[in-house]
Amino acid sequence: MKAPLLPSLNKHGFTLIEIAIVMVIIGLLAGGGVSIMGMLTQRKARNETIDYLKETKEALINYVTINGKLPWADTDGDGNQNNNATSGTLPYLDLEVRPSDPYKRVLRYGINSNLGTDRPTTCNALKAGLSSGPRVIDGDGAATSFYIAAIFISSGPMDLDSDGDVFDAITSGSHQGDNTDGTPNYIRHTPIDTFDDLVVYIGGNELYGNLCEYLTLAVNNGTGEPTAYVRDANQGIDLGNISGGGSTLYEIISGTRIEIRSSAGGGGSIILSDPPTPICLAGNGFTITIPP
Ligand SMILES: [Ca+2]
Ligand SMILES: [Ca+2]
Ligand SMILES: [Ca+2]
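Residues numbered from 1 in each chain as written. Chains lettered and ligands numbered in written order. Predicted model: local features only at pLDDT ≥ 70, side-chain atom pairs only at ≥ 80, totals over all residues. Heavy atoms only, no water.

Draft legend 1. Main features of the coordination of the calcium ion (ligand 1). With distances of 2.2 to 2.4 Å, the protein atoms coordinating the calcium ion (ligand 1) are Asp 74 (OD), Asp 76 (OD), Asp 78 (OD), Asn 80 (O) and Asn 82 (OD1). Going along the chain, you hit the donors of the calcium ion (ligand 1) in the pattern D-x1-D-x1-D-x1-N-x1-N. (Donors = N, O, S within 2.8 Å, 3.2 Å for Na, K, Ca; no water.)

Here's what the structure looks like:
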């Protein structure tokens, strides 16, 4: 018996070919849906990471304003800074921010070693200009590295350069750097096939404006008076000494406690002056006079 010339019809009147075509279309739609969902989920995680980095930066700037210094890095993973550690993970407990990014990893964190001690050391280093510590190359700018005050990095979701560390390096092209250890410099870059880290850094000038206010102190020593020693009691150092009849200007940080003493190194006794010391100075300028 011969096979029928027309394709067989089911009870709804669709040919098998029509059903097959519909099945393929449904399959394509479902597959596309999955990949769109995946893309949206990835974008959501990336945006949440950018928000987390912004919160972290705000917390760091506020921490510096309150404490006069950056927190050291955390090197033992307990969330608290470890003294004198310039690279490690974010000390999230000291900063009072969430412990990890949306990828459930703690941020990498590095600072300039001069900015973790106290306000005078930090401000003196910032005023002089940073000349050591972590450096970064920014993929949106010149291919030259520059010194920064602090840097914090999310690894992003992947170890895209497949070096066994979820932080990535860019080792070819005009902008190169390595976020696994910041050697010779860190790198901020838009995502590429081999790099998906998210990087935020704080420059010296940005920190300076939030932290350091200087004033000029004039000290006049009366004619015939013995040498007077001008002491910064906050730092425990002599700013200088002035012989009788002399006058000197000092640039000091607002809030510094000044003493005028009869001997070097905090020795001797307080010398009578107008106004009397010890005194805490603030404002733009100040004059202390030792009467003859
Ligand atoms: Ca710690
Ligand atoms: Ca990565
Ligand atoms: Ca990597």
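Now that the structure has been shown, we can carry on.
Draft legend 2. Here's a closer look at the packing of aromatic side chains. Overall, the coordinates contain two aromatic pairs when judged by the stated rule. When the centroid spacing of 5.7 Å and the interplanar angle of 70 degrees are considered together, the rings of Phe 146 and Tyr 201 count as edge-to-face. Taken together, the residues Phe 146 in strand β4 (residues 146-147) and Tyr 201 in strand β9 (residues 198-202) connect sequence positions 55 residues apart. A relative accessible area of 21% means that Tyr 201 is categorised as partly exposed. Taking 6.3 Å as the distance between ring centres and 10 degrees as the angle between the ring planes, the aromatic pair formed by Tyr 208 and Tyr 214 counts as stacked. When the ring centre of Phe 167 is taken as origin, the NZ or CZ atom of Arg 108, which lies over that ring, is 4.2 Å away. The residue whose ring lies beneath Lys 127 is Tyr 214, and the NZ or CZ to ring-centre distance is 4.3 Å. (Phe/Tyr/Trp six-rings, centres within 6.5 Å; stacked < 30°, edge-to-face > 60°. Helix = DSSP H or I, 4+ residues; strand = E, 2+ residues; numbered from the N terminus. Buried < 20%, exposed > 50% of the residue type's maximum accessible area, 1.4 Å probe, protein only. Lys NZ or Arg CZ within 6 Å of the ring centre and 35° of its normal.)

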